[in-house]
Amino acid sequence: MDVILNYRVLFFGILMGLVSCSNDLDGPSLVKVEDIELSTETNTISVGETLQLNAEVVPENATNRKIVWSRDNTEIVEVDQNGLVKALAPGRAIVTATAGDGSGKENSVQLTVMDIANTITSFKINETQGVINGNDISITLDSDVNIDALAPVIVHTGNAISPKSGEVVDFSDSVNVPVVYTVTAENGETNRYFVKVLQMASMDLEIASDNFEAGLGEKKVIHVKINPSNADMDLQWSSSDPQVATVDENGGVMGVRKGNVTITATSLSDSRISASLQLTITQNDFVYTVDTQNSEYDNVVVFTQTEIDDVSGLVYEYNYNVDWDNDGVVDSFGNTGSVSHVYSERGMHTIRISGVYPAIPFGIYNTEYFKDVDDVPLIGQNLPLVAINQWGTGKWSSLAAAFFLGGAQKGIPIKVTATDVPDLSEVENMGNMFNGIVISDLDVSQWDTSNVEYMGSLFEEAKNVDPDVSHWDVGKVVDMSHMFQGAADANPDISNWNLPNSITSESTSIYRFFNMFKDSGISNENYEKALVLFAEKVKNNPSYQNMNLGEVPASACTQNALDARDILVSDNGWVIKDQPCRN
């Protein structure tokens, strides 16, 4: 009975052992080493020095992370099982780190052991340590460091070194021609090192102007200045706020909404190399207001002058953008011709024009606007202009007939609320600009007209306007005929005008000043000043003879004015039909 019981106990024990083994087999699996990453601060050491090698096992969760260290030349170096190398003799040796899990993974590094008698062991510039690889030394400094006058701090094992440690040396061409340092041992043997100083590439962003502003819809190109200049660098451009401005792959910035934006260029090869530039997107554009309340048409048109200018012979090229409700968001980009818009509600609407809009053709004098486009009349009722809010910063090319009779057929006054000054530096023709319109609050006192040649009928029949033109530069003007004719409120003082010294243009014959003041509001005082100006100019100037001033609604009464008038009429053939003096 006892025997049987013992057998049962033995069987139960064997069975439990098998169950235990089965559980062990189903336990966690082994994670093998896949790679060994090996790093070192330098590949060169001197006899007697030590160097710590660092090995990292990949993956981090490898079951057996043991490293076995070995070297191929026991006479040159020795290495312990922590990767600490000691240099024994001059020469080269390969040190290998092998995975201890039997996976066969390993990595190696070749070390050069230099003779202790004449080696450089440390080479620093501005606290930056150079990399010593055999007899080659390289060091990378920031781009703003002046490398033509550097004083390296050098540690060496020799008796002397040339150039000396701390001596100022020019490294500006060391990339092409390395600077040679010679270490001399006590026994006279020399060891030469070849030093290159590199500079980390950098960049600056520049705009081809001093103005860091761009208008809505205006494109500005940012230029990149890379140092060194021969660096080849692909860039990625970005905008801090694409709703304010976008930037393309060439650094072209397009203003979208008023505000500030930072444009950044970053090297694709090294994200540490980047530069930024802040731009202000402005709304210094051409702005005007229309009133559609009583318009016969639903649409409002932004006009362009695409036919040849009768005076300049130029065809103006447009590429403009429209913000139909002046909310800071461009609604229509890249327009090259006239465009129209239908507002959902009638009333006052302010329109903002940005981009290239060189000429204002809002007057019916321009023959293009007697035409229809898709049966839509282009002038008059669908341009119910009521205000000029802003001239903008764009360069105008022409203002000829800009507002000629615009709105006047309905007696709609145009109020000029603009406080800025238009850029007339490229304008030659202002003829008929304000002809026939009812206008108020027009301030032209600061306008630079030094490039203008044609001012004929500029203010002719304009209502409610007395322009201050006393400081205008008219040195190039060849036609002033009918300039103030019919402008009953205009009392111009032209006594300070710099009339051209000569008149050679065929178009400026005797009628250059014809009816300049006819039916205007010029006073006797300002008329007399004009006579003195003309008389002074006609002296010794044949091109001013035989002029026809036409009708003048004022009189010359003072002796000075009468003498000037006599010089013009009696001595130089002028025709003047002014009023008799009633004093």
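Heads up: the structure comes first, above all this text.
In this text, all values refer to a predicted model and were calculated from it rather than measured experimentally.

A. The arrangement of the overall build of the chain in detail. The helix and strand tally for the chain stands at three helices and 38 strands. Taken across its 583 residues, the chain has 45% of its residues classed as buried. Restricting to contacts in the chain with at least 6 residues of sequence separation, those with at least 24 account for 68%. With the model as given, the accessible surface of the chain reaches about 29,600 Å², and the carbon-plus-sulfur share is 46%.

B. Local environment of the side chain of Asn 451. Mapped onto the elements of the fold, Asn 451 is located in the loop between β36 (439–440) and α2 (524–538). In terms of polar contacts, Asn 451 uses its side chain to reach the backbone carbonyl oxygen of Ser 425, at 3.4 Å. A distance of 3.3 Å separates the side chain of Asn 451 from the side chain of Lys 476, its partner in a polar contact. Beyond its immediate chain neighbours, meaning those up to four positions away, Asn 451 contacts Leu 424, Ser 425, Glu 426, Val 427, Glu 428 and Lys 476.

C. Here's a closer look at the sheet that holds strand β3 (residues 50–52). Pairing in this open sheet of three strands is antiparallel, and the strands run β3-β7-β6 from one edge to the other. Two strands in the sheet have a free side with no partner beyond their single neighbour: β3 and β6 (77–79). Shown here is a sheet whose adjacent strand axes are inclined to one another by a mean of 20°, direction ignored. Here β6 pairs with strand β7 (residues 84–87) via three bridges, running antiparallel. Its bridge partner being in β7, Val 79 is matched across the sheet by Val 85.

D. View of the nonpolar core. Counting residues in hydrophobic clusters, the biggest one holds 80 residues, and the most contacted among them are Phe 403, Trp 472 and Trp 497. It is α2 that provides the largest number of residues to this core, a total of seven residues.

E. Quick look at the packing of aromatic side chains. Tallied over the entire structure, the rule returns 25 aromatic pairs. Taken together, a centroid distance of 6.2 Å and an interplanar angle of 35° make the contact between Phe 286 and Phe 362 tilted. You can see Phe 286 sitting in strand β26 (residues 286–291) and its partner Phe 362 sitting in the loop between β31 (348–356) and β32 (372–373), a full 76 residues away along the chain. The buried category is assigned to Phe 286, whose relative accessible area is 3%. Classification of Phe 362 as buried rests on a relative accessible area of 1%. An angle of 10° between the planes, with centres 5.7 Å apart, marks the rings of Phe 434 and Phe 459 as stacked. Placement of the pair is Phe 434 in the loop between β35 (414–416) and β36 and Phe 459 in the loop between β36 and α2, with a sequence separation of 25 residues. Since its relative accessible area comes to 0%, Phe 459 is described here as buried.

F. Local environment of the pairing of strand β37 (residues 548–555). Most of β37 is tucked away: six of the eight residues are buried. Handedness of the β-α-β unit built from β37, helix α3 (residues 559–571) and strand β38 (residues 575–579) comes out right-handed.

G. Main features of the packing of α2 against α3. Between α2 and α3, whose axes approach to 8 Å, the crossing angle comes to 45°. If you check the angle between α2 and α3, you find them oblique. Judged by the sense of rotation from one axis to the other, the crossing of α2 with α3 is left-handed. For the pair α2 and α3, contact is made by Tyr 527, Glu 528, Leu 531, Val 532, Phe 534, Ala 535 and Val 538 and by Asn 560, Ala 561, Ala 564, Arg 565, Ile 567 and Leu 568, respectively. In the contact of α2 with α3, the residues fall into ten nonpolar, one polar and two charged.

H. Just the state of the cysteines, in detail. Under the defined criterion, the tally for this structure stands at one disulfide. Here Cys 557 is linked by a disulfide to Cys 581, with a sulfur-sulfur distance of 2.1 Å. Torsion about the S-S bond of the Cys 557 and Cys 581 cystine: about 120°, corresponding to right-handed handedness. Of the two residues, Cys 557 sits in the loop between β37 and α3 while Cys 581 sits in the segment after β38, which places them 24 residues apart along the sequence. Overall, Cys 581 belongs to the partly exposed group, its relative accessible area being 33%.

So, how was this worked out
Residues numbered from 1 in each chain as written. Predicted model: local features only at pLDDT ≥ 70, side-chain atom pairs only at ≥ 80, totals over all residues. Heavy atoms only, no water. Helix = DSSP H or I, 4+ residues; strand = E, 2+ residues; numbered from the N terminus. Buried < 20%, exposed > 50% of the residue type's maximum accessible area, 1.4 Å probe, protein only. Contact = heavy atoms within 4.5 Å. Areas by Shrake-Rupley, 256 points an atom, 1.4 Å probe, with all protein chains shown as cover. Polar contact = N/O pair within 3.5 Å; in protein donor to acceptor, adjacent residues only side chain to side chain. Pairing = 2+ DSSP bridges. Axes fitted to C-alpha atoms, helices over the stretch in contact; angles between N-to-C directions. Core = buried A, V, L, I, M, F, W, Y, C linked by side-chain atoms within 4.5 Å. Phe/Tyr/Trp six-rings, centres within 6.5 Å; stacked < 30°, edge-to-face > 60°. Right-handed = clockwise from strand over helix to strand, strands pointing away. Parallel < 35°, antiparallel > 145°, perpendicular 65-115°, else oblique. Left-handed = near helix turned anticlockwise from the far one by under 90°. Nonpolar A, V, L, I, M, F, W, Y, C, P; charged D, E, K, R; others polar. Disulfide = S-S within 2.5 Å.

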